[in-house]
Amino acid sequence: MAGILMMKHLFFFVSICLAINLAISTSNIPNTKKTYIIQMDKWAKPDVFIDHVKWYSSLVKSVLASTPEKDSTVDEEEERLLYTYQTAFHGVSAHLSEEEVKKLQQQHGVLAVFPETKYQLHTTRSPLFLGLDRDDSSKLWSDRLSDHNVIVGVLDTGIWPESPSFNDTGMTGVPAHWKGACETGRGFEKHHCSKKIVGARVFYRGYEAASGKINERDEYKSARDQDGHGTHTAGTVAGSLVRGANLLGYAYGTARGMAPGARVAAYKVCWVGGCFSSDILSAVDQAVADGVNVLSISLGGGVSSYNRDSLSIAAFGAMEKGVFVSCSAGNGGPDPISLTNVSPWITTVGASTMDRDFPATVKLGTGKIVTGASLYKGRTNLSTQKQYPLIYLGNNSSSPMPSSLCLEGTLNGATVAGKIVICDRGISPRVQKGQVVKEAGGVGMILTNTASNGEELVADSHLLPAIAVGEMAGRAIKHYASARNATATLRFLGTKLGVRPSPVVAAFSSRGPNVLTLEILKPDMVAPGVNILAAWTGALGPSSLPIDQRRTNFNILSGTSMSCPHVSGIAALLKARHPDWSPAAIKSALMTTAYVHDNTYKSLKDASSATPSTPYDHGAGHINPRKAVDPGLIYDIAAQDYFEFLCTQELSPSQLMVFGKFSNRTCHHSLANPGDLNYPAISAVFPEDSKVSVLTLHRTVTNVGSPVSSYHVRVSLFKGAVVKVEPARLNFTSKHQKLSYKVTLETKSRQKAPEFGSLIWKDGIHKVRSPVVITWLASL
């Protein structure tokens, strides 16, 4: 992509504008109270305080402004103090005015202050597709049921404990290292925790401070999940084996999570109005203290600098404690620079398709048949022997209209009654468009993709006969509908397996590059995230619409929210198989064994364009868990190495302290540039200065395969640079031996767009593959 530098400048400009707007909007109301997260220097606690909680409370009390009527009371102090953080993060969150925050920033021991940030959710065939339920997979993964000792913390909307996916029959006792709790509340009692659901906690103080008290009649103020998202992600991570799983007959088969023997700890951080950073931070902090081994976080809140991102800082603390953190990349694709959760110590997961589809057809009055996708299963079906009037309420321009989008209140019953209505995708939820058509008297809907969705088909459990079609087919159908007396009918064909090509990178999956640091390639990998069957809440129908009275044990959803728990579950398997592996080692195994071809043996494709995808779309490639268990070599990264990376990021000493103070880390300046971080992907960035024509990057690999082994290197050819690897052969004589190599890149001719390739170490058994990206920054 040309103009990387321009994009960085644009990002900076937008960030400044947002900051200015925020400052303007808040400066007019200085006494308005908001939630702030205050990071503290744990070691700065004065001896007069018996513990950190007392110190934090005293600090907050010292800045509370007194009102003319009365001084601050103890109750007000407790109400203003939301959380204290003591494990993955150190500090407190409190409800403060701007004036109080300014006072607090002057206090001894305060490292940084972060305003509350609102996050959003990034909304089973996959085990078989990933090779996890073949006959020999139990031999490959199981080691005396050690996977039963791995606990995955799922930060989401809670859990529906009655789901058959959380059956604990045959499971051993709860692991001794677990220190968590089973918090009770409406609809959630102690007995809802089990050997499978080992813990459940809720975090809502930040949400209530921003949005008001939770209405407990409408929403469970407990770990019980009425949204379904958290149950679905937890089931994907570690759901027990359930035979005969299906959604209204679709996707019938045996459902199981990626790590069916692992335990789940549910941390409910998301509510009807969203997910707030103070709650998320408290959940991460508590989960690490509780003893989770893996954190699965399918949510995001935009990109801010490393030292201003509280989730990034907390994830750094979790990584220091040996916890693997997996996050969704976001659903902002196919736009470039749409990623969230880009820190190198976080595993960032994009979404891809599987080889399963749910075909449905549109038969036009001309006899032409167009194939789409649907999960419709209702009492009312359109006759395939009859044609129904077809209508499109747009003008066939590239810009959809409110009526063509089928937004609420835009359809006239007299116009659409008895007809199949064509609706453009966008603005409102897909299933809601169908409900709008149904309420207006329409008998069916054809949901057409726009250019941004391309030909990717996401199936939905509609409340009326409805089919989703790709952009090109949608354009043709709309053109036909402009003729007089246009007609159509809809037919639903069930479940189809063996779809080719697959996998394909989902159009909605957020894309790179990583605008914070081009040298750190993101996303890290892709995993199944389209039309995923997993456990579902009993409080909501499969369409998630309040009017939907259907209830199912399973539902089919799409999003990077679904791909993230695939990686979290496989990380749990790897942790069980290799208890001594660090989070970086697990990530390396997943990245270097990922594949970049589909089941037709061609390069992975991008669903939005039907052209080959790049590492900015798929990262290192599509996960391959059967290979990841024995990767041969790993690129390990210690916490100090990640800190050395931060030392290259032009952060001030006080900004670096937010990562380094707890462990008293200091910069040793061991990395010449950020590209020298021992990352499993290689991204070389030539600066604007054309005089810089040579770059050298360094890597160290650890042998986790045969003690005596010899690897030789293969590297892609590039138009713009000559790439040389020294040494070209690595000879190992023992297990866990480390050997280093350097990659020298010399520019032949500066390219306007990045170039993509790979570097592969081979020993005859293993192929340890790193994606390579070369970028030449252009001057503006």
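Conventions adopted
- Residues numbered from 1 in each chain as written.
- Predicted model: local features only at pLDDT ≥ 70, side-chain atom pairs only at ≥ 80, totals over all residues.
- Heavy atoms only, no water.
- UniProt positions renumbered as here; feature names shortened; annotations may be inferred.
- Helix = DSSP H or I, 4+ residues; strand = E, 2+ residues; numbered from the N terminus.
- Rg over C-alpha atoms; globule rule 2.2 N^0.38 Å.
- Buried < 20%, exposed > 50% of the residue type's maximum accessible area, 1.4 Å probe, protein only.
- Pairing = 2+ DSSP bridges.
- Phe/Tyr/Trp six-rings, centres within 6.5 Å; stacked < 30°, edge-to-face > 60°.
- 1 Å grid on protein atoms, 1.4 Å probe; cavity = no way out; pocket = protein on both sides within 12 Å on 5 of 7 lines; lining within 4 Å.
- Points joined across faces, edges and corners; volume = space filled by probe spheres on them.
- Contact = heavy atoms within 4.5 Å.
- Salt bridge = Lys/Arg side-chain N within 4 Å of Asp/Glu carboxyl O.
- Disulfide = S-S within 2.5 Å.
- Axes fitted to C-alpha atoms, helices over the stretch in contact; angles between N-to-C directions.
- Core = buried A, V, L, I, M, F, W, Y, C linked by side-chain atoms within 4.5 Å.
- Parallel < 35°, antiparallel > 145°, perpendicular 65-115°, else oblique.
- Nonpolar A, V, L, I, M, F, W, Y, C, P; charged D, E, K, R; others polar.
- Polar contact = N/O pair within 3.5 Å; in protein donor to acceptor, adjacent residues only side chain to side chain.

The chain is annotated in an unreviewed UniProt entry as Subtilisin-like protease SBT1.3 of Anisodus acutangulus. Database annotation for the chain, UniProt heading Subcellular location (unreviewed entry): "Secreted". As its UniProt record puts it under Sequence similarities (unreviewed entry), the chain is described as follows: "Belongs to the peptidase S8 family."

Regarding the overall build of the chain
Check the secondary structure of the chain and you find 19 helices and 39 strands. In terms of overall size, the chain behaves like a compact globule, its C-alpha atoms giving a radius of gyration of 27 Å where 780 residues would be expected to give roughly 28 Å. Projected onto the principal axes, the alpha-carbon positions of the chain cover approximately 80 × 75 × 60 Å. Looking at the chain as a whole, 59% of its 780 residues are labelled buried.

Let's talk about the sheet that holds strand β31 (residues 633-634)
Judged by pairing direction, the sheet is antiparallel, and its four strands sit side by side in the order β31-β33-β37-β35 without closing on themselves. Among the strands making up the open sheet, the edge pair consists of β31 and β35 (721-726).

Here we look at the packing of aromatic side chains
Inspection of every chain in the model, using the stated rule, returns 21 aromatic pairs. With 6.3 Å between their ring centres and 45° between their planes, Tyr-83 and Phe-203 make a pair best called tilted. Residue class for Phe-203 comes out buried when judged on its relative accessible area of 5%. For the ring pair Phe-89 and Phe-114, a centre distance of 6.4 Å and an interplane angle of 55° mean the geometry is tilted. Placement of the pair is Phe-89 in the loop between β2 (81-86) and β3 (90-96) and Phe-114 in strand β4 (residues 110-115), with a sequence separation of 25 residues. The burial state of Phe-89 is the same as that of Phe-114; both residues are buried.

Looking at empty space enclosed by the protein
Any empty space left between atoms is shown by rolling a water-sized probe over those atoms. In this structure, the largest cavity encloses a volume near 140 Å³. Of all the secondary structure elements, the ones that give two or more residues to the lining of the largest cavity are β1 (34-40), α10 (310-320) and α19 (653-660). For the lining of the largest cavity, the leading source of residues is α10, giving four residues.

Some details on the environment of Leu-111
One can find Leu-111 in strand β4. Residues Leu-111 and Asp-41, 70 residues apart in the sequence, show an inter-C-alpha distance of 6.2 Å. Setting aside its immediate chain neighbours within four residues, Leu-111 contacts Gln-39, Met-40, Asp-41, Met-657, Val-658 and Lys-661.

Regarding the pattern of salt bridges
Within this structure, the stated rule accounts for 19 salt bridges. The closest approach of N and O atoms between Lys-213 and Glu-208, which form a salt bridge, is 3.5 Å. By relative accessible area, Lys-213 is classed as exposed at 70%. Exposure remark for Glu-208: the relative accessible area of 11% places this residue in the buried category.

Brief notes about the state of the cysteines
If you walk through the whole model with that rule in mind, you get four disulfides. Residue pairing for Cys-182: its cysteine sulfur links by disulfide to Cys-193, the two sulfurs lying 2.1 Å apart. In this structure the cystine formed by Cys-182 and Cys-193 twists about its S-S bond by roughly 90°; its chirality is therefore right-handed. Taken together, the positions of Cys-182 in the loop between β6 (151-156) and β7 (197-202) and Cys-193 in the loop between β6 and β7 put the pair eleven residues apart, joining distant regions of the chain. Given a relative accessible area of 14%, Cys-193 falls into the buried group. Residue Cys-406 pairs covalently with Cys-423 via a disulfide, S to S 2.0 Å. Taking the sign of the torsion about the S-S bond as the criterion, the disulfide between Cys-406 and Cys-423, at about -85°, is left-handed. Highlighted residues: Cys-406 in the loop between β20 (388-392) and α11 (413-416) and Cys-423 in strand β21 (residues 420-424), separated in sequence by 17 residues. Taking relative accessible area as the criterion, Cys-406 reaches 1% and is therefore assigned buried. Along the chain, the cysteines that take part in disulfide bonds pair up as 1-2, 3-4, 5-6, 7-8, counted in sequence order.

Concerning unusual backbone geometry
The peptide bond linking Ser-502 to Pro-503 adopts the cis configuration, its omega dihedral lying at -5°. Following the sequence through the fold, Pro-503 ends up in the loop between β25 (496-497) and β26 (504-505). Following Lys-522, the chain continues to Pro-523 via a peptide bond in cis, the omega torsion being 0°. At Glu-650, a position not held by glycine, the phi torsion is positive, near 60°. You can see Glu-650 is positioned in the loop between α18 (639-646) and α19. Residue His-669 is not a glycine yet carries a positive backbone phi of 55°.

Notes on the sheet that holds strand β39 (residues 767-776)
Spatially, the five strands line up as an open sheet ordered β32-β39-β38-β34-β36, and their pairing is mixed. The sheet is open, and its two edges are formed by β32 (682-686) and β36 (729-732), each paired on a single side. Here the strands of the sheet are splayed against their neighbours by 20° on average, with no regard to which way each runs. Bridge analysis of strand β34 (residues 709-715) against strand β38 (residues 755-762) gives four bridges, and the strand direction is antiparallel. From the neighbouring strand, Val-713 faces β38, where its bridge partner is Trp-761.

A word on the pairing of strand β24 (residues 487-492)
Buried residues dominate β24, accounting for five of its six residues. In this structure, strand β18 (residues 359-364) lies alongside β24, joined through five bridges in antiparallel fashion. The residue of β24 that forms the bridge with Ala-360 is Phe-492. Relative to β24, β20 runs antiparallel, the two sharing two bridges. Residue pairing across strands places Tyr-388 opposite Ala-488, the latter belonging to β24.

Details of the nonpolar core
Membership of the largest hydrophobic core comes to 117 residues, with the highest contact counts inside it found for Leu-295, Trp-345 and Leu-646. Among residues more than four places away in sequence, those in contact with Leu-295 are Gly-153, Leu-155, Val-284, Ala-287, Val-288, Ala-318, Val-323, Phe-324, Val-325, Ser-326 and Ser-568. Core analysis: the second largest hydrophobic core is formed by 36 residues, Tyr-250, Ala-255, Ile-420 and Ala-486 among them.

What to know about the packing of helix α9 (residues 277-290) against α10
With their axes 10 Å apart at the nearest point, α9 and α10 run at an angle of 0° to one another. It follows from the interaxial angle that α9 and α10 lie roughly parallel. Judged by residue contacts, Ser-277, Ile-280, Leu-281, Val-284 and Val-288 of α9 engage Ser-310, Leu-311, Ala-314 and Ala-318 from α10. Looking at the contact of α9 with α10, its residues break down into seven nonpolar, two polar and no charged.

Here we look at helix α8 (residues 229-238)
Within α8, ten of the ten residues are buried, which leaves the element mostly enclosed by the surrounding structure. Those residues of α8 lying buried are His-229, Gly-230, Thr-231, His-232, Thr-233, Ala-234, Gly-235, Thr-236, Val-237 and Ala-238.

Focus on helix α15 (residues 583-592)
The element α15 is extensively covered by neighbouring structure, given that ten of its ten residues are classed as buried. Among the residues of α15, Pro-583, Ala-584, Ala-585, Ile-586, Lys-587, Ser-588, Ala-589, Leu-590, Met-591 and Thr-592 are the ones counted as buried.

Let's talk about the side chain of Ser-510
Counting through the fold element by element, Ser-510 comes out in the loop between β26 and β27 (525-528). Classification of Ser-510 as buried rests on a relative accessible area of 0%. At 2.8 Å, the side chain of Ser-510 forms a polar contact with the backbone nitrogen of Gly-332. In this structure, Ser-510 is in contact with Ala-329, Gly-330, Asn-331, Gly-332, Gly-333, Ser-338, Leu-339 and Pro-523, ignoring residues within four places of it in sequence.

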